[in-house]
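Survey of secondary and tertiary structure
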Amino acid sequence: MTAQVWIAGIVGVAAIVDDVARRRISNWIPCSAFAAGLILQIIQGGWRGAGSALLGTLSGAAVFLIFYLLGGMGGGDIKLMAGFGALLGVKRLLEAALWTAGCGGLMALVVICVSYVREILRSRKSVALEAPQGAGSGAGLNRRPASIPYAPAIAAGVWLSLVPKT
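Notes on the structure follow.

Helix and strand content of the protein chain: five helices and zero strands. Shown N-terminal to C-terminal, the secondary structure of the protein chain runs as helices and strands in the order α-α-α-α-α. In the protein chain, buried positions account for 36% of the 166 residues. Partitioning the intrachain contacts of the protein chain with sequence separation of at least 6 by distance along the chain shows that 73% fall at a separation of at least 24. For the protein chain, the accessible area works out to roughly 10,300 Å², and carbon and sulfur atoms hold 69% of it.

Put into structure tokens, the structure is as follows:
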């Protein structure tokens, strides 16, 4: 395996663990991805590699910036994608962003389905316990949807972009 794959694997796992456990991505994680990506790109391509890493970083931040500005994504997710941008470069980063969007959509669909099934089970349980009228009917439907940690989708998208194409 290449150094790029190892770095993406280690950074991705660290980001997933941090985001799922604390619902935050510590700054050292995307900074590590940026530093490792910059060094790797310089080793592989000299000044051109440095330019590729910096352009990838800017592109990584820009890709999901609109979602951050609209409140649908956290700043840590933007920084993580920027860090991966240094590692991947622009071309591969755009592929990773598409994979990330697909993985994020699948995660959201699973969360919605699980929430719906839980609400149905709660509703049936309250009816079975002979709850007062209206206690279980739609009580959870007006709740704000739970946020989804997005680092797993970002890591999966990056990893999928690194799979060799034949």
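Take the nonpolar core next. Within the largest apolar cluster, 27 residues are counted, with the highest numbers of intra-cluster contacts made by Val 11, Ile 29, Leu 80, Phe 84, Ile 154 and Val 158. Every element with two or more residues in this core is listed here: helix H1 (3–22), helix H2 (28–63), helix H4 (75–128) and helix H5 (151–161). Residue contributions to this core peak at ten residues, all from H4. Apart from the residues lying within four places of it in its own chain, the contact partners of Val 158 are Ala 8, Phe 84, Leu 88, Ala 96 and Thr 100.

As enumerated under the stated definition, the model contains two salt bridges in all. Between Arg 22 and Asp 18 there is a salt bridge, with its nearest N and O atoms 2.7 Å apart. Residue Arg 22 and its partner Asp 18 are located together in helix H1, separated by four residues, close to a single helical turn. Overall, Asp 18 belongs to the buried group, its relative accessible area being 11%. For Arg 122, the salt bridge goes to Glu 119, with nearest N and O atoms at 3.6 Å. Of the two residues, Arg 122 and Glu 119 are both situated in helix H4; the distance of three residues between them amounts to about one turn of the helix. Residue classification places Arg 122 among the partly exposed residues on the basis of a relative accessible area of 45%. A relative accessible area of 12% places Glu 119 in the buried class.

Reading the values: rules and limits
Residues numbered from 1 in each chain as written. Predicted model: local features only at pLDDT ≥ 70, side-chain atom pairs only at ≥ 80, totals over all residues. Heavy atoms only, no water. Helix = DSSP H or I, 4+ residues; strand = E, 2+ residues; numbered from the N terminus. Buried < 20%, exposed > 50% of the residue type's maximum accessible area, 1.4 Å probe, protein only. Contact = heavy atoms within 4.5 Å. Areas by Shrake-Rupley, 256 points an atom, 1.4 Å probe, with all protein chains shown as cover. Core = buried A, V, L, I, M, F, W, Y, C linked by side-chain atoms within 4.5 Å. Salt bridge = Lys/Arg side-chain N within 4 Å of Asp/Glu carboxyl O.

Take it as geometry only, folks, not as evidence of what the structure does.
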